[in-house]
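So you can see what is in the structure, the chains are spelled out below.
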Amino acid sequence: MPSNPGLRLVERDASGVDLAFRSDVLLGLSQIQKAVPARWFYDDAGSRLFEDITQLPEYYLTRAETEILSSRSAEIADLIGRGRAVVEFGSGSSVKTPLLLSAIAPSAYVPLDIAGDFLRASSAALAAKFPGLPVHPVEADFMRRVELPGDVADLPKLGFFPGSTIGNMIAGTATDLLRSMRATLGEGALLLIGMDQVKDEGVLLAAYDDAEGVTAQFNLNLLARINRELEGDIPLAAFAHEARWNDAFARIEMHLVAREDIAFSVGGARFAMHAGESIHTENSHKFTKRSAQLLLAAGGWEPRARWTDEARQFAVYLAEAAPVRSAP
Ligand code: AVI
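Student: I would appreciate a short explanation of the nonpolar core in the present structure.
Tutor: Nonpolar side chains in soluble globular proteins generally cluster together in the buried interior. Counting 63 residues, the largest nonpolar core has Leu158, Leu192, Ile226, Phe239, Phe264 and Val266 as the members making the most contacts within it. The element best represented in this core is helix H9 (residues 214-229), accounting for six residues. Those residues in contact with phenylalanine 264, other than ones at most four positions away along the chain, are Leu29, Asp233, Ile234, Pro235, Phe239, Ala269, Arg270, Phe271 and Met273. Core analysis: the next-biggest nonpolar cluster, separate from the first, contains 33 residues, Val110, Phe142, Leu191 and Leu296 among them.

Student: In this structure, what is going on with the sheet that holds strand S5 (residues 157-161)? I would like to understand it.
Tutor: Strand pairing in a sheet relies on backbone hydrogen bonds. The paired strands run either parallel or antiparallel. With mixed pairing, seven strands are arranged side by side in an open sheet as S4-S3-S2-S5-S6-S13-S12. Pairing within the sheet leaves two strands with one partner each, and these edge strands are strand S4 (138-139) and strand S12 (301-308). Taken together, the seven bridges between strand S6 (residues 190-196) and strand S13 (residues 314-321) define a ladder with antiparallel strand orientation. Bridge pairing in S13 places leucine 192 opposite leucine 318. Running over the sheet, helix H3 (residues 60-71) touches S5, S6, S12 and S13 and is turned about 55° from S13.

Student: What is the right way to read the sheet that holds strand S8 (residues 251-258) from this model?
Tutor: Across the sheet, four strands lie side by side as S1-S11-S8-S7; this open sheet has mixed pairing. Every interior strand has two partners, whereas the edge strands, strand S1 (34-35) and strand S7 (239-246), have only one. Two strands pair when backbone bridges link them, and S7 and S8 are joined in this way by eight bridges, in the antiparallel orientation. Following the sheet pairing, alanine 243 is matched in S8 by methionine 254. Packing against the sheet, H9 makes contact with S7, S8 and strand S11 (278-285), and its axis sits at approximately 60° to S8.

Student: I'm lost on helix H2 (residues 44-53) in this one. Help?
Tutor: Three or four residues apart is the spacing at which side chains of an α-helix point the same way, because the helix has 3.6 residues per turn. Where H2 is concerned, the buried positions are Gly46, Leu49 and Ile53. Buried residues of H2, seen end-on, are gathered within an arc of 60° and therefore sit on one face of the element. Away from the buried face of H2 by more than 90 degrees, exposed residues Asp44 and Arg48 are located.

Student: Is there a simple way to think about the site of the ligand in this case?
Tutor: In the vicinity of the ligand lie 14 residues, with Tyr59, Asn168, Tyr208, Glu282 and Ser284 positioned nearest. Separating a nitrogen atom of the ligand from a side-chain N or O atom of asparagine 168 is a distance of 2.9 Å. Bound to the protein, the ligand loses 96% of the 340 Å² it would expose on its own. Only H2 and S11 provide two or more residues apiece to the shell around the ligand.

Student: What is the right way to look at the side chain of aspartate 43 in this model?
Tutor: Relative to the helices and strands, aspartate 43 resides in the loop between S1 and H2. Among the polar contacts made by the side chain of aspartate 43, one reaches the side chain of asparagine 221 at a distance of 3.0 Å.

Student: Looking at this model, I keep getting lost on the environment of isoleucine 279. Mind explaining?
Tutor: Here isoleucine 279 lies in strand S11. Taking the C-alpha atoms as reference, isoleucine 279 lies 24 Å from threonine 54; in sequence the two are 225 residues apart. When sequence neighbours within four positions are dropped, the list of residues in contact with isoleucine 279 reads Leu29, Gln33, Lys34, Ala35, Val36, Leu223, Phe239, Met254, His255, Leu256 and Met273.

Student: Whenever I open this one, the pairing of strand S10 (residues 269-273) confuses me. Can you help?
Tutor: A regular strand carries its side chains on alternate faces of the sheet. Pairing between strand S9 (residues 262-266) and S10: five bridges, direction antiparallel. Across the sheet, the residue bridging to alanine 263 is alanine 272, located in S10. Between S9 and S10, which pair antiparallel in sequence order, lie two residues; one of them, glycine 267, sits at a positive phi of approximately 55°.

Student: Got a minute to help me understand the side chain of aspartate 141 in this structure?
Tutor: Assignment of secondary structure puts aspartate 141 in the loop between S4 and S5. Separated by 3.0 Å, the side chain of aspartate 141 and the backbone nitrogen of methionine 143 make a polar contact.

The rules behind the values
Residues numbered from 1 in each chain as written. Predicted model: local features only at pLDDT ≥ 70, side-chain atom pairs only at ≥ 80, totals over all residues. Heavy atoms only, no water. Core = buried A, V, L, I, M, F, W, Y, C linked by side-chain atoms within 4.5 Å. Buried < 20%, exposed > 50% of the residue type's maximum accessible area, 1.4 Å probe, protein only. Helix = DSSP H or I, 4+ residues; strand = E, 2+ residues; numbered from the N terminus. Contact = heavy atoms within 4.5 Å. Pairing = 2+ DSSP bridges. Axes fitted to C-alpha atoms, helices over the stretch in contact; angles between N-to-C directions. Arc of directions from axis to C-beta. Near = heavy atom within 4 Å. Polar contact = N/O pair within 3.5 Å; in protein donor to acceptor, adjacent residues only side chain to side chain. Areas by Shrake-Rupley, 256 points an atom, 1.4 Å probe, with all protein chains shown as cover.

Structure, rendered in structure tokens:
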């Protein structure tokens, strides 16, 4: 295994329990507003459910971003130029990544992901689609600076972070991530990033509470995972999925709301909830032109171009690593 300062191995106890998962859940359930970080949604079942979400009629994000990448590919390619090494933060989508790579003739592709199995499978699929393109998967936690493979060190870089995943972080974490990306990619780098837009509340609520109930299953799978992996006995039927618009923070919040007074245990610890109390499971921030610009600037990136889909629901930004300055 290559030495990599960004690498975070999954630490497990003797019975195979992921220690970070257990500590996040036990700590999160002990707070006054119970909360579990959204990154724990994505076990195998959760990842499959998320794929299903991206196909839902109400979940416009994936379609809108794909529309931008395909309809504006010539302009995007013109601004990026040829020969950059594309560094994708995440394992890569089977549709969006090939769209970008076919448009810009890159010199290499470097997907970064902490989930090694997923990373290897998606890298192999991509290498088969682009014979001749060097593919260097790196198993790493990209929330911190990652040392890229020597083969791409001297190439100009393009970071790619689609899907509006940046919206799943609160402002401080999102800023830290943008700064880590800048440190990973270095001087002269570009970043192509998807950011979902503030829009009609009804459209947003439907996207996170679909008629078929797939998003509800995705949310409830977190409790099923806790029961499976952390010896929990949480009664799933006692919880209802709820999507809320938090206007002060311009974000959709997902909650699991107790339908009745309940008590349960996780990993030997006891918890109780009153009817109506919730576990906060996700934030999905939405951006305006100004708030997106401000966040990118705070993270050390200067926006160079912005594209939206026809219905103006979603935006893709191209930003350039800002020179390090000490004056305002
Ligand atoms: C991965 N992320 C950008 C999705 C979102 O829209 O915030 C996760 C998701 N949660 C519910 N539906 C989709």
